[in-house]
Amino acid sequence: MHREIQKMREIALVYLDRSGGLQKFVHDCKKYNDSKQSYAVYRFIISINPSDIAELDATLGNYILHNPIQAAQIFQSVCFIAVKTLSLIEQLQTEAQISILLKPTHLPPLPSYVLSLSAFPFNYTSQRYYMSEGVVIAMGTVTKYTQGARFLCTEETCPFSEGFRYIRVHLPGATESATVRNDFVCSLCSSPLQEDMKFRVLGDKQMVEMIDAKVLNALKGYSNDKSHFRIQAFTVFLRDELANKMKIGDHYKIIGIPACVQNGLQATACIEVNSIQLCKPSGSSFVSDNFKHLLSLTSSSCWRFTAILANIFASQIVPPGTYNTLKLAILLSLVQTCEKENTDYLDLLIVTSDTLVIDRLLNYSICLLPRGIRHPPSSEIFPSVSKDKHGTGRASIQACSAVLAKGGICYIGDLSSYKKDKLELLQSVLESRTTTVFIPGKKYGEAADQQVTVSVQTNFWSFVDVDSSSKKPTYKDNFLIGQMDMSLIPPSLVDGFGLLIYNEFPSCKLSSPLVHHILKKAINPEAMLYKVSQQFRTQDYEEFILFAKNLHVELSSEAENLIHGYYLASRRVRRDSIHGSTLSASALKILISLSKAHTKLSLRKKVREEDALIAILLFESSLTLKHGKSALCVAPNPVFPFDLSDENSLQQRDSYLMQCHQQLLKFIGAYAPGIHTNEE
């Protein structure tokens, strides 16, 4: 066995030399040597490529993968010899003072190296490397732990009463008491050992709760996936340089060593994380042939493709041709989702008395995204603080719905069901896209109070049930033309949503198909009632949205001028003597977001005037509901003024939109004359 160990040491030295690890080690030693300070433990991180080391020597490669703690001792010996041979650290006395952390770059892509918390058995006793992945659902604050400590024999005549013979370092899965306690004895004279507190080395520690990414499907509230699976959260420990390297709500792949931490009578399975890799969402690389064919058929107009998309969308839930404005808004919001910070958001607030159909439609739509979360009323929308479940008494920040919906949609249901404090918090998040979690230090064992800011990167969808209160939105004489009574919801919160949509119950002409649709679906939920449902399946829409949302689009100068012209003209028109302009501070940002969303939905990369026109009409319609009509005076349903039944109706809509464009240019010319626009 000694011969095998010696051979593995030689291979380890060769690997370090070839991989550049030896040069990095020498550089790290120089930092310690230059400090001229004596440490109990000198910690080094060595990056290991299992494939490269297995090619050099299969035995050592296997040893690293399956006995990482013992393999670290091999590198410890090699590094100690290197320090002494090259005189790298003058203060170093014993091999025990060197602490080696091996960091594999990857693991073999084999099932035996994957640890799944939703599958049994959970092998937490093997103490070898595993790869796992999941979403961060809770994060603790960073605390200190004992990285290493020096012990001395209490018998003064014993040779081990000085020097660095007894060095204890933290091992994966070990508790604080395993590293530092008062019942160690000297191996030479059996006298008690006592810690030399001057040489205690402290490191950072953070506990994080993760859960299998499959939980995101369970949180949609509805899914076509009928499979059953078990979901269990698991604890991971982030130490030293890995502390604060994870963000709550993000999806990570981790490599680490499983362990079992004892807390009184309770044992908790956990993973000591060795390396972290952020999992970036992969977009669809293709669009179905039916969508491509539809795009080519409608290439003569910038408006027809998106009109037909909205017309036939969600035919499993509502008949084609119904709720077109709402369905277009939903599609625009779906493609305007991204996990990047400071991105364009598009939130929807629907005012309706038809809550059952609207709820089904919105629920169906969030399932088209990997991260569409239906918020359960019994839980919190935004992060909250609770005590760590491992008995430390420390604070743990819980993710909640809005954070788990990162890069997707958080559907929060009926807005009028929330209390005032929740609505105020929602308004704050809509304005800043962040939320602050307050951690009282006294309650959670901290020296001082803390405030943690959490980014909220999701679109919010909600509706207001006008039948839930005796005060229903109505068009009254004392209101401006087109204005709704929105006293159910604070005006500032309504402004926080990008679009306000009033969904009137379908007209008599459309109510009959809707009733027939609902009755047929109740009898046979799996039935395909329309041909378009077979041509454009739910899966096709999923792929289409994933492709469209990842398109990078830019504003053309013509579109930018049109948006800015409308914005300035509206600010001048929509004013009152008390509050000034009634346009919200985010109006310009919403207009740009709508324009970009329509461009993405059209599968283009340059925002045209035609995209800006649709954005302006939708936004003006929303403003009319809030503040009444302006001099622009758009129709009640400006984007879909009539049914789309054939080629002629599409042509008629194009002509109507061109007239709207001319009307908009005149509006800008009258109220923002300094803006240059393309007059036709």
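A. Highlighting the overall build of the protein chain. Along its length, the protein chain carries 21 helices and 23 strands. Taken across its 680 residues, the protein chain has 53% of its residues classed as buried. The long-range share in the protein chain, meaning contacts at least 24 apart out of those at least 6 apart in sequence, stands at 73%. As presented, the protein chain carries roughly 31,700 Å² of accessible surface, and 52% of it is formed by carbon and sulfur atoms.

B. Highlighting the environment of isoleucine 74. Positionally, isoleucine 74 belongs in helix H5 (residues 68–86). The exposure class assigned to isoleucine 74 is buried, which follows from its relative accessible area of 3%. Along the chain, isoleucine 74 and arginine 9 lie 65 residues apart, while their C-alpha atoms are 5.8 Å from each other. Those residues in contact with isoleucine 74 that sit more than four places away from it in its chain are Ile5, Met8, Arg9, Ala12, Leu60 and Tyr63.

C. Region of the structure containing the nonpolar core. Counting 88 residues, the largest nonpolar core has Leu334 and Tyr566 as its most contacted members. With 9 residues, helix H20 (residues 609–627) is the largest single contributor of residues to this core. Those residues in contact with tyrosine 566 that lie beyond four places of it in its chain are Leu591, Ile616, Phe619, Glu620, Leu623, Leu632, Leu664, Phe667 and Ile668. Membership of the second largest hydrophobic core comes to 55 residues, among which are Tyr130, Leu404, Val466 and Val494.

D. Geometry of the sheet that holds strand E15 (residues 409–414). Strand order in the open sheet made by the 5 strands is E12-E15-E18-E11-E19, with parallel pairing throughout. With partners counted over all chains shown, the strands left at the sheet margins are strand E12 (372–374) and strand E19 (499–503), one partner each. Averaged over neighbouring strand pairs, the angle between their axes works out to 20 degrees when direction is ignored. Both strand E11 (residues 348–352) and strand E18 (residues 459–465) contribute to a ladder of 5 bridges, which runs parallel. Counted as the bridge partner of isoleucine 350 is phenylalanine 463 from E18. Contacting E11, E12, E15, E18 and E19, helix H11 (residues 355–366) runs over the sheet at an angle of about 170 degrees to E18.

E. Highlighting the pairing of E18. Burial analysis of E18 places 7 of its 7 residues in the buried class, which makes it a mostly covered element. Here E18 shows no split at all, with Asn459, Trp461, Phe463 and Asp465 on one side and Phe460, Ser462 and Val464 on the other all buried. Bridge count for E15 against E18 is 4 bridges, and the pairing is parallel. The partner of aspartate 414 across the bridge, within E18, is phenylalanine 463.

F. Highlighting helix H2 (residues 21–35). Look at H2: 22 Å from first C-alpha to last across 15 residues, which is about the 21 Å you get at 1.5 Å a residue. Turning to H2, its buried residues are Phe25, Asp28, Cys29, Tyr32 and Asn33. Looking straight down H2, one finds its buried side chains confined to an arc of 145 degrees; they lie on one side. Exposed positions of H2 whose direction lies more than 90 degrees from the buried face are Gln23, Lys30 and Lys31. As for H2, its buried residues are in contact with strand E1 (42–48) and H5. Just past H2, the residue lysine 36 takes up positive phi, approximately 60 degrees.

G. Local environment of the environment of lysine 253. If you trace the backbone, lysine 253 turns up in strand E9 (residues 251–263). Since its relative accessible area comes to 33%, lysine 253 is described here as partly exposed. Taking the C-alpha atoms as reference, lysine 253 lies 6.8 Å from glycine 134; in sequence the two are 119 residues apart. When residues no more than four places from it in sequence are discounted, the contact partners of lysine 253 are Ser132, Glu133, Ser275, Ile276, Gln277 and Cys279.

H. Highlighting unusual backbone geometry. One non-glycine residue with positive phi stands out, namely aspartate 240, at about 55 degrees. Mapping aspartate 240 onto the fold places it in the loop between strand E8 (234–239) and E9. Judged by relative accessible area, which is 13%, aspartate 240 ranks as buried. For asparagine 244, which is not glycine, the phi dihedral falls at a positive 65 degrees. Note on placement: asparagine 244 falls in the loop between E8 and E9.

I. Region of interest: the confidence of the model for the protein chain. In the predicted model, the protein chain carries a mean pLDDT of 85, and the fraction of residues at 70 or more is 89%. Averaged pLDDT values for the elements of the protein chain fall to 66 in strand E22 (residues 580–581) and rise to 96 in strand E23 (residues 606–607). Here residues 505–510 is a poorly scored stretch, pLDDT under 50, and it has 9 contacts once near neighbours within four places are set aside; other chains count.

J. Summary view of the packing of helix H4 (residues 58–66) against H5. Put simply, H4 and H5 touch, their axes get as near as 6 Å, and they point 125 degrees apart. Considering their axes alone, H4 and H5 lie oblique with respect to each other. Residue-level inspection shows Leu60, Tyr63, Ile64, Leu65 and His66 of H4 in contact with H5, the latter providing Pro68, Gln70, Ala71, Ile74 and Phe75. Across the contact of H4 with H5, the residue classes tally to 8 nonpolar, 2 polar and no charged.

K. Here's a closer look at the pattern of salt bridges. All chains considered together, the criterion is met by 23 salt bridges. Its salt-bridge partner being aspartate 196, residue lysine 198 comes within 3.2 Å of it at the nearest N-O pair. The exposure class assigned to lysine 198 is exposed, which follows from its relative accessible area of 71%. Classification of aspartate 196 by relative accessible area gives buried; the value is 10%. The residue arginine 604 makes a salt bridge to aspartate 611 at a minimum N-O spacing of 2.8 Å. As far as the burial class goes, arginine 604 and aspartate 611 line up, both buried. Through salt bridges with shared partners, a single ionic network connects Arg43, Lys103, Asp240 and Glu241.

L. View of the packing of aromatic side chains. This model, assessed by the stated rule, comprises 18 aromatic pairs. Aromatic pair phenylalanine 291 and phenylalanine 544: ring centres 4.9 Å apart, planes at 35 degrees, arrangement tilted. Pair noted here: phenylalanine 291 is in helix H8 (residues 289–297) and phenylalanine 544 is in helix H17 (residues 538–549), with a separation of 253 residues, a long-range link. For the pair formed by phenylalanine 291 and phenylalanine 544, the shared burial category is buried. One cation-aromatic arrangement involves arginine 150 over phenylalanine 199; the distance from NZ or CZ to the ring centre is 4.7 Å. Looking at arginine 239, its charged tip hangs above the ring of tyrosine 145, at a distance of 4.5 Å from the centre.

Cut-offs used in this document
Note on numbering: residues in each chain are counted from 1, in written sequence order. Under the rules for a predicted model, residues below a pLDDT of 70 receive no local features and side-chain atom pairs below 80 are neither given nor counted, while totals for whole chains, interfaces and linings still include all residues. Only heavy atoms go into the side-chain values, all of them from the structure, while hydrogens and water stay out. Helical segments are the DSSP runs of H or I of at least four residues, strand segments are the runs of E of at least two, and each set is numbered from the N terminus. Relative accessibility under 20% of the residue-type maximum defines a buried residue, over 50% an exposed one, and the middle range a partly exposed one, all with a 1.4 Å probe and only protein chains included. Throughout, a residue-residue contact means that at least one pair of heavy atoms, one from each residue, lies within 4.5 Å. Accessible areas in this description were obtained via Shrake-Rupley with a 1.4 Å probe; residue shielding takes into account the shown protein chains only. Among buried residues, those of type Ala, Val, Leu, Ile, Met, Phe, Trp, Tyr and Cys that are joined through side-chain atoms within 4.5 Å constitute a nonpolar core. A pair of strands is considered paired only if DSSP assigns at least 2 bridges between the two. Under this scheme, a helix contributes an axis fitted over its contacting stretch, all axes are lines through C-alpha atoms, and angles between N-to-C directions fall in the 0 to 180 degree range. The span one expects for a helix is its residue count, reduced by one, times 1.5 Å. Note that the arc is defined by the directions from the helix axis to the C-beta atoms. pLDDT expresses how confident the predictor is about each individual residue, on a scale running from 0 to 100. Any angle that falls under 35 degrees is termed roughly parallel, while one over 145 is termed roughly antiparallel, one within 65 to 115 roughly perpendicular, and all others oblique. Polar here means any residue other than Ala, Val, Leu, Ile, Met, Phe, Trp, Tyr, Cys and Pro, which are nonpolar, and Asp, Glu, Lys and Arg, which are charged; Gly is therefore polar. Any Lys or Arg side-chain nitrogen located within 4 Å of an Asp or Glu carboxyl oxygen qualifies as a salt bridge. Only Phe, Tyr and Trp rings take part, Trp by its six-membered ring, and two of them pair if their centres are within 6.5 Å. Stacked means planes under 30 degrees apart, edge-to-face means over 60, and tilted covers everything else. Whether a charge sits over a ring comes down to the Lys NZ or Arg CZ being within 6 Å of the ring centre and within 35 degrees of the ring normal.

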